[in-house]
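# Structural features, examined
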Amino acid sequence: MKKTLLWAAFLQGFAVLSLAQRPDAALNTLATRYPTERVYIHYDKEHYVAGETIWLKAYLYSNGLPSTLSNNFYLQLIDGNGNTVINKKYPVKGATVNGDIELPDSLPQGYYHIRALTPAMMNHHPDFLYSKNIFVFNEDIKTSGSFRLPAGPSLSLQFFPESGQLVADVLSAVVFKATDSLGRPVNINGVIKTDDGTLINSFKTFTPGMGKLQFRPQAGKKYVAAVEINGQTAYYPLPEVKVSGISLRIENEKGGKMFLLSRSKKEKSNPDQLWLTAVINDLIVYESEINFDTYSSVKGHLLTDSMPSGIIHFTVFDKEGTPLAERLTFVDNGEYASQATMEILKKGTGPREENIIEISFPDLVQRSLSVAVTDEELCPVVKQESIISELLLTDDLRGNIDNPGWYFQDRNDSVRQVIFDNLLFTRNWQRFSWQKIMAGEFPEKKYKDPYLISVAGSLKDSKTNSTVAGGELTLFMESEDSVNHNFEIPVDENGKFTIDSLLFYGKASFFYVYRSAQGKEKAVSISLFSSPEDIAVQKMPFAFDRGDLAGMDTGLQGAEGIISKRPVAHTSVLSKTKNLDPVIVESKSYKRPVEIVNEKYSSGAFTAMGKLNFDNINNPENNRSLSVYDFVKRSIKNLLEEKGQFVNTKNFSLFKPSTDEYYKKKQDSVDALGGAPGSTRFIDLGIRERGDNYIMDVFINENPTRIDFLKTIRMDEVALIKFYEPGFFGSGMNGPGGSLVVYTKKEIVTDDRIEKLDHVKYNGYSIVKHFYSPDYSNTDLKQMTEDTRTTLYWDPDLYTDNNSKKIRLKFYNNDISKKLRIVVEGFDARGRLIHIEKIIPE
């Protein structure tokens, strides 16, 4: 006879249980003070050839919503020996991060690893940092490892009793997992026997490498599995039978889960008061006292149709708070998926033909999306995970899961759900330890997450090498992305200073002058400090789990020849930029040399410094015979010539505020993303229109001109070139793509340059490249050399808001692709996840 318990969301009392700390209190502390952050990364392709660029967008997720926990994001490429090849650091904007990894042509062939993390993730167990293995092909350099792993010589057979243990006299379900020594699934069949040879049951794999059986174990008996391998019988022991214990069975039923708690005969003599909890996303969704009375089992039903989807973690506790049995299962109500459709409005699989696609959503809400279009035949390995499978399944479980995206393809497939349940039999819960949190042991908060970049350092007297005390430090900052700032920073009594909340990309030069507390200038040296988080990430060890590589090896078999010979599209010269080292001039007003040159040449509305400023007096171009036209095309990103005019392919100021506005609105934007529906703020302050090019105004000595005239001017005749963002007052509304102003030289004495200020360098955020997608409607571009891009389109900056439900994209095919794969991923402000795939032609 069994006793049935009806589900209730929460019970108000805990009866007579004397837990040292109740599960709900411990878990509440963990969830509120140590929240979990998850990362998913959308890549343009699954595997790469040396010389290609990995285009990526990261999505941060916490408790079913876009995460507001982090400001900084780290990304590493690690080789097969555990050495970090590339380090990246990005700011988090709107719970997302755009990035790229340029793979050098000289990168040896072999297995590599991408690791991603935030300071919030660093305070938890390192096993739950974002992790992805990739294989990089390089036919010329294969010293880093061969493509194929060695064959697995032996069979590994593991048995996983439901709830973690075999209990005497209790009917037990057991899932088994058969793999070779490298973790690849193996199909088998065999029998279960006792150690005295009594046949108990037979078994065989139901899916590759996995199956399920049932039997009632007896106390004092030992059980083994007999499997025939290559004509010989091999024996594998099953877990030991517990004379006393609790077994927890979970079964799917309509609208919920049935749970059955059974106890051994010996357990009847023990107190029968237990406690059952069910947890999703670190939140208790069910808890109840269990009282067996005189019964050997207790049956109950948990209604799950109104719960959030995810892994549900059942645990049975005794009265002392010790976990006795645990079981994982999955709740799939489908509310996590955002409905979306993709329509191909124009199909073009011929050379350089146009394609137009439209993505539609049923409701108005903020969304952040990314889209990748790749050559289906030259990139034949299909992505096995998605943003849904990663954030709802694999991110919570250790070890490799074969093709996790398969489990979410058809929610109504009952066989698929049985297999899903079997998968969770084989996994132990590792996100947190009940024993530790019930004892008050929580993760140590070692690392902080400063808002943007903090630059700190100390000063010493250049002559005496002694620490200076007090005074003021004047700093001029110039970075690779042309962000310029001046600072007056107090120095404390220990000679230290700090500047926080900086946003700049690439390496910055900090030119400085120090005045003592008495107002006297003094020569000093500066030592800049690295942040504890930066140091910890760089020192974090890594070693490949070769078992995790087995699935990769299987997926790549048969595709090696295609991928390794894939043509690598060389980086367009339009995306290359010459970075000129900034120079600061020491004067009474501490003006930079470029400011002095600007004062000599500019007037009226043109006196303002540009977004980019090329000082050809103090930093002359080496190739002085180069024309201004060629110099500008090489040196200004996103600039193209179309129909006799310069156009800006990335109109980065129409919707992008100034740096000061960015600081002011950053928190509003983050709050809006995770806030209540109906907010009208943008998720990402860098939102811009798509698919349009914007014409630039061109001036010579502040007079409008045609770009053809720039071809007649050599760089040795030029004093200064300035590029203004759209909205420059000197252009009015005539230059929606910005303005280019060129000044030719007057008489100027270059030998009388004022001595440069001392300076130090500091690395800012990693510079993100702009993906170049040619517009072949421009007849000039049709004459360009062979187009062999395997990623035809990549856009990580797609958004909808409260005014739009559709996104239309346009891109052009290359010269060789016949079949294209489109993948769109992302999430919305309510935490719903988006994954759409389509093939052209269908």
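Scroll up for the structure.
In this report, the structure presented in the accompanying data block is examined. (Residues numbered from 1 in each chain as written. Predicted model: local features only at pLDDT ≥ 70, side-chain atom pairs only at ≥ 80, totals over all residues. Heavy atoms only, no water.)

Scanning the protein chain for helices and strands turns up eleven helices and 49 strands. Here the protein chain holds 842 residues, and the buried ones make up 53% of them. Taking the intrachain contacts of the protein chain between residues at least 6 apart in sequence as the baseline, contacts between residues at least 24 apart amount to 72%. Entry remark: accessible area of the protein chain is about 37,300 Å², with carbon and sulfur atoms responsible for 47%. (Helix = DSSP H or I, 4+ residues; strand = E, 2+ residues; numbered from the N terminus. Buried < 20%, exposed > 50% of the residue type's maximum accessible area, 1.4 Å probe, protein only. Contact = heavy atoms within 4.5 Å. Areas by Shrake-Rupley, 256 points an atom, 1.4 Å probe, with all protein chains shown as cover.)

Counted according to the given criterion, the structure contains 28 salt bridges. In this structure, K132 engages E46 in a salt bridge whose closest nitrogen and oxygen atoms are separated by 3.4 Å. One end of the pair, K132, is in strand 10 (residues 130-137); the other, E46, is in the loop between strand 2 (38-43) and strand 3 (48-49), with 86 residues separating them in the sequence. Accessibility assignment for this pair places K132 and E46 in one class, buried. Look at the salt bridges and you will find they share partners, linking E162, R249, E251, R327 and D421 into a network. (Salt bridge = Lys/Arg side-chain N within 4 Å of Asp/Glu carboxyl O.)

I41, I54, F73, L75, I101 and I114 are the most contacted members of the largest nonpolar core, which totals 33 residues. Leaving out residues up to four positions away in the same chain, I54 has contacts with Y43, D44, Y48, G99, D100, I101, L103, I114 and I134. One finds V455, F487, Y514 and V760 within the second-largest nonpolar core, a separate group that totals 27 residues. (Core = buried A, V, L, I, M, F, W, Y, C linked by side-chain atoms within 4.5 Å.)

This part takes up the sheet that holds strand 41 (residues 697-700). Pairing is mixed in the open sheet, where five strands are placed in the order 37-43-44-41-42. Pairing within the sheet leaves two strands with one partner each, and these edge strands are strand 37 (612-615) and strand 42 (703-704). Here strand 43 (residues 718-724) pairs with strand 44 (residues 739-744) via six bridges, running antiparallel. Bridging from a neighbouring strand, K722 pairs with V741 of strand 44. (Pairing = 2+ DSSP bridges.)

On to a nonpolar patch on the surface, then. A contiguous nonpolar patch, built from F206, V415 and V418 and spanning about 270 Å² of accessible area, is present on the exposed surface. Relative to the helices and strands, V418 is located in helix 4 (residues 414-425). (Patch = residues over 30% accessible without salt bridge, like charges linked within 9 Å, V, L, I, M, F, W, Y side chains within 5 Å.)

Bringing the packing of aromatic side chains into the picture now. According to the stated counting rule, one finds 25 aromatic pairs in the structure shown. Between the aromatic rings of W55 and F771, the centroid separation amounts to 5.2 Å while the plane-to-plane angle is 80°, which identifies the pairing as edge-to-face. Here the residue W55 occupies a position in strand 4 (residues 53-62), and F771 occupies one in the loop between strand 45 (758-763) and strand 46 (791-800), the gap between them amounting to 716 residues. Owing to a relative accessible area of 12%, F771 belongs among the buried residues under this scheme. Among the aromatic residues, those joined into a ring-pair cluster are F330, Y336, W406, Y407, F408 and F420. The ring centre of Y629 lies 4.6 Å from the NZ or CZ of K711, which sits over that ring. (Phe/Tyr/Trp six-rings, centres within 6.5 Å; stacked < 30°, edge-to-face > 60°. Lys NZ or Arg CZ within 6 Å of the ring centre and 35° of its normal.)

Okay, the pairing of strand 6 (residues 72-78) next. In terms of burial, strand 6 is largely enclosed, as seven of its seven residues are buried. Burial of strand 6 is two-sided: the residues N72, Y74, Q76 and I78 facing one way and the residues F73, L75 and L77 facing the other way are all buried. Looking at chain direction, strand 6 and strand 7 (residues 84-91) are connected through seven bridges and run antiparallel. Following the sheet pairing, Y74 is matched in strand 7 by K89. Here strand 6 folds back onto strand 7 in antiparallel fashion, the turn holding five residues, of which G82 has a positive phi close to 85°. Sheet topology note: the strand 6/strand 9 (residues 110-117) ladder contains five bridges and is antiparallel. Paired with I78 across the two strands is H113, which belongs to strand 9.

Turning next to unusual backbone geometry. Put simply, I840 and P841 share a cis peptide bond, and its omega is -5°. By the element assignment, P841 lies in the segment after strand 49 (833-840). In this structure, N281 is a non-glycine residue whose phi angle is positive, near 55°. Looking at the secondary structure, you find N281 in the loop between strand 22 (273-280) and strand 23 (283-291). In the Ramachandran plot, E702 falls in the positive-phi region, its phi being about 75° despite a non-glycine side chain. With respect to the helices, strands and loops of the structure, E702 is situated in the loop between strand 41 and strand 42.

Turning to the sheet that holds strand 16 (residues 210-215), a few remarks are in order. Across the sheet, three strands lie side by side as 11-13-16; this open sheet has antiparallel pairing. Two strands in the sheet have a free side with no partner beyond their single neighbour: strand 11 (155-161) and strand 16. Shown here is a sheet whose adjacent strand axes are inclined to one another by a mean of 25°, direction ignored. Of the pairings in the sheet, the one linking strand 13 (residues 172-180) to strand 16 comprises six bridges and is antiparallel in character. Bridge pairing in strand 16 links K177 to M210. Against the sheet, helix 4 makes contact with strand 11, strand 13 and strand 16, and its axis sits at roughly 80° relative to strand 16, the strand it touches most. (Axes fitted to C-alpha atoms, helices over the stretch in contact; angles between N-to-C directions.)

With that settled, the discussion passes to the environment of L626. Here L626 shows up in the loop between strand 37 and helix 10 (628-635). Linking L626 and M715, residues 89 residues apart in sequence, is a C-alpha distance of 5.6 Å. Excluding residues within four positions of it along the chain, L626 makes contact with E621, F631, R634, I713, R714 and M715.

Buried within helix 6 (residues 532-539) we find E533, D534, A536 and V537. Around the axis of helix 6, the buried residues are gathered within 165° of arc, so they sit on the same side. Among the exposed residues of helix 6, those oriented more than 90 degrees off its buried face are P532, Q538 and K539. Buried positions along helix 6 lie against strand 6, strand 7, strand 9 and helix 2 (119-122). (Arc of directions from axis to C-beta.)

Let us now look at helix 4. With twelve residues, helix 4 should reach 16 Å at 1.5 Å per residue; the first-to-last C-alpha distance of 17 Å fits that figure. In terms of burial, helix 4 is largely enclosed, as nine of its twelve residues are buried. When helix 4 is considered as a whole, its buried residues turn out to be R416, Q417, I419, F420, D421, N422, L423, L424 and F425. Where helix 4 is buried, its residues touch strand 11, strand 13, strand 16, strand 20 (246-253) and strand 26 (323-331). (Expected span 1.5 Å × (residues − 1).)

Right, let's talk about the side chain of D795 for a bit. Mapped onto the elements, D795 comes out in strand 46. Side-chain polar atoms of D795 contact the side chain of Y793, separated by 3.3 Å. Polar side-chain contacts of D795 include one of 2.8 Å to the backbone nitrogen of D797. (Polar contact = N/O pair within 3.5 Å; in protein donor to acceptor, adjacent residues only side chain to side chain.)

Before going further, it helps to examine the environment of L397. Structurally, the position occupied by L397 is in the loop between helix 3 (387-392) and helix 4. Accessibility expressed as a relative area gives 6% for L397, which makes it buried. Between the C-alpha atoms of L397 and F128, which are 269 residues apart in sequence, the distance is 8.2 Å. Every residue in contact with L397, bar those within four places of it in the chain, is listed here: F128, I311, L328, L424 and R427.

The subject of this paragraph is the pairing of strand 10. Strand 10 sits mainly inside the fold: seven of its eight residues count as buried. As judged from the two bridges shared by strand 3 and strand 10, these two strands associate in the parallel manner. What sits directly across from V49, in strand 10, is F137. Two elements, strand 9 and strand 10, share seven bridges in a ladder whose sense is antiparallel. The residue of strand 10 that forms the bridge with Y112 is I134.

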